[in-house]
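Below are the chains, spelled out letter by letter.
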Amino acid sequence: MAAVICGSLAFDTIMNFEGRFAQQILPEQLHILNVSFLVPALRRDFGGCAGNIAYALKLLGGDPLPMATLGSDGAGYLERLGTLGIATEFVRQIDDAYTAQAMIMTDLDNNQITAFHPGAMMQAHRTRIEARPDIRLGIISPDGRDAMLEHAQQFHAAGIPFVFDPGQGLPMFDGAELASFIAQASWVTVNDYEGKMLCERTGWSIAEISRRVRALVVTLGGDGCEVWIDGERTHVPAVPARDIVDPTGCGDAWRGALLFGLEQGWSLARCAELGNRVGAIKISSRGPQNYTL
């Protein structure tokens, strides 16, 4: 059974700063910030949430259906998906925009500064979700604002259970819109910072949100994650990484594992355990789509 993955396909430009941001940025001078970072190492990867999640799910033996939009420069990404055996029937290519681009700089403490150009992603709402016998579930990951709103409504109307994981897209939505996402979703996943923002904007606690969906997961980075079901919390410990090489794409690797477990009918705690393990493997590799399981 297939999983529709709504999100971005992007080219990631990854840069490594051989220092610490905290030593270069003066907190009392943020109002006149003007900094430059020397980045000796640079590479370009295939990325974007939909692409990275699909990659992880495919490695695990799942059947990903990324729903995303590429620009005029996206032919190489289409070829990449074909090489991986990932279906592209829901991938649209448009001629009047570039493919989304992420410029990501990582320091020695694995802190990151990211600049993101959405490009063709802003047209992602042009592709619709319809009920289909082979589609078992879906996920709303960071995408164009209109696409996230419309695809959630379409999943709900089609009776397809889905994960709402807004990631860095969460600040685009007000409390009423986030409450609507929660009302339509089957599961919600956020990191600890996003969880605090979600609670602040909806006026609901994490426990209360968990009572409005089948389950909610709060990821905690190196501390594992919390699984909340009907107001009750279960902590799922982290899996230690062999080496900490590159955190880019770890969250998407976790999401791919979550979808695989949900496809198999596992408990959410077991899904989270697999997600923590896949995330640990990913962080030991360079590039969001450059690891094996």
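Shown above is the structure to which this text applies.
A quick note: this is a predicted structure, and the numbers were derived from the prediction, not measured. (Residues numbered from 1 in each chain as written. Predicted model: local features only at pLDDT ≥ 70, side-chain atom pairs only at ≥ 80, totals over all residues. Heavy atoms only, no water.)

Focus on the packing of aromatic side chains
Turning to step 1, where the next piece is worked out: For the structure shown, the criterion picks out eleven aromatic pairs.
Turning to step 2, where the next piece is worked out: Consider the rings of Phe-11 and Phe-46, whose centres lie 6.0 Å apart with planes at 50°: the pair is tilted. In this pair, Phe-11 sits in strand β2 (residues 10-16) while Phe-46 sits in strand β3 (residues 41-47), placing the two residues 35 residues apart along the sequence.
Turning to step 3, where the next piece is worked out: The class of Phe-11 is buried, set by a relative accessible area of 6%.
Turning to step 4, where the next piece is worked out: By relative accessible area, which is 28% here, Phe-46 ends up partly exposed.
Turning to step 5, where the next piece is worked out: On the numbers, 4.9 Å between centres and 70° between planes, the contact of Phe-17 with Phe-37 is edge-to-face. In this pair, Phe-17 sits in the loop between β2 and α1 (21-24) while Phe-37 sits in the loop between α1 and β3, placing the two residues 20 residues apart along the sequence.
Turning to step 6, where the next piece is worked out: Taken together through their ring pairs, the aromatic side chains of Phe-11, Phe-46 and Tyr-77 make up a single cluster.
Turning to step 7, where the next piece is worked out: We note Arg-44 situated over the ring of Phe-11; from NZ or CZ to the ring centre the distance is 4.3 Å.
Turning to step 8, where the next piece is worked out: In this structure, Arg-212 packs its charged tip against the face of Trp-204, placed 3.7 Å from the ring centre. (Phe/Tyr/Trp six-rings, centres within 6.5 Å; stacked < 30°, edge-to-face > 60°. Helix = DSSP H or I, 4+ residues; strand = E, 2+ residues; numbered from the N terminus. Buried < 20%, exposed > 50% of the residue type's maximum accessible area, 1.4 Å probe, protein only. Lys NZ or Arg CZ within 6 Å of the ring centre and 35° of its normal.)

Here's the deal with the packing of helix α5 (residues 175-184) against helix α6 (residues 192-202)
Turning to step 1, where the next piece is worked out: As a packed pair, α5 and α6 sit with axes 8 Å apart at the nearest point and diverge in direction by 110°. It follows from the interaxial angle that α5 and α6 lie roughly perpendicular. Where α5 crosses over α6, the handedness of that crossing is left-handed. From α5, Gly-175, Leu-178, Ala-179 and Ile-182 reach across to α6, where they touch Leu-198, Arg-201 and Thr-202.
Turning to step 2, where the next piece is worked out: Here the residues of the contact of α5 with α6 sort into four nonpolar, two polar and one charged. (Axes fitted to C-alpha atoms, helices over the stretch in contact; angles between N-to-C directions. Parallel < 35°, antiparallel > 145°, perpendicular 65-115°, else oblique. Left-handed = near helix turned anticlockwise from the far one by under 90°. Contact = heavy atoms within 4.5 Å. Nonpolar A, V, L, I, M, F, W, Y, C, P; charged D, E, K, R; others polar.)

Focus on the pairing of β2
The side chains of a regular strand alternate, first on one face of the sheet and then on the other.
Turning to step 1, where the next piece is worked out: For β2, the tally of buried residues reaches seven of seven residues, placing the bulk of the element in the interior.
Turning to step 2, where the next piece is worked out: Of the two faces of β2, the one carrying Ala-10, Asp-12, Ile-14 and Asn-16 and the one carrying Phe-11, Thr-13 and Met-15 are both buried.
Turning to step 3, where the next piece is worked out: With seven bridges connecting them, β2 and β3 associate as antiparallel partners. Pairing of Thr-13 across the sheet is with Arg-44, part of β3.
Turning to step 4, where the next piece is worked out: In the sheet, β2 pairs with strand β6 (residues 100-106) via seven bridges, with the strands oriented parallel. Each residue of the ladder has a partner; that of Asn-16, found in β6, is Thr-106. (Pairing = 2+ DSSP bridges.)

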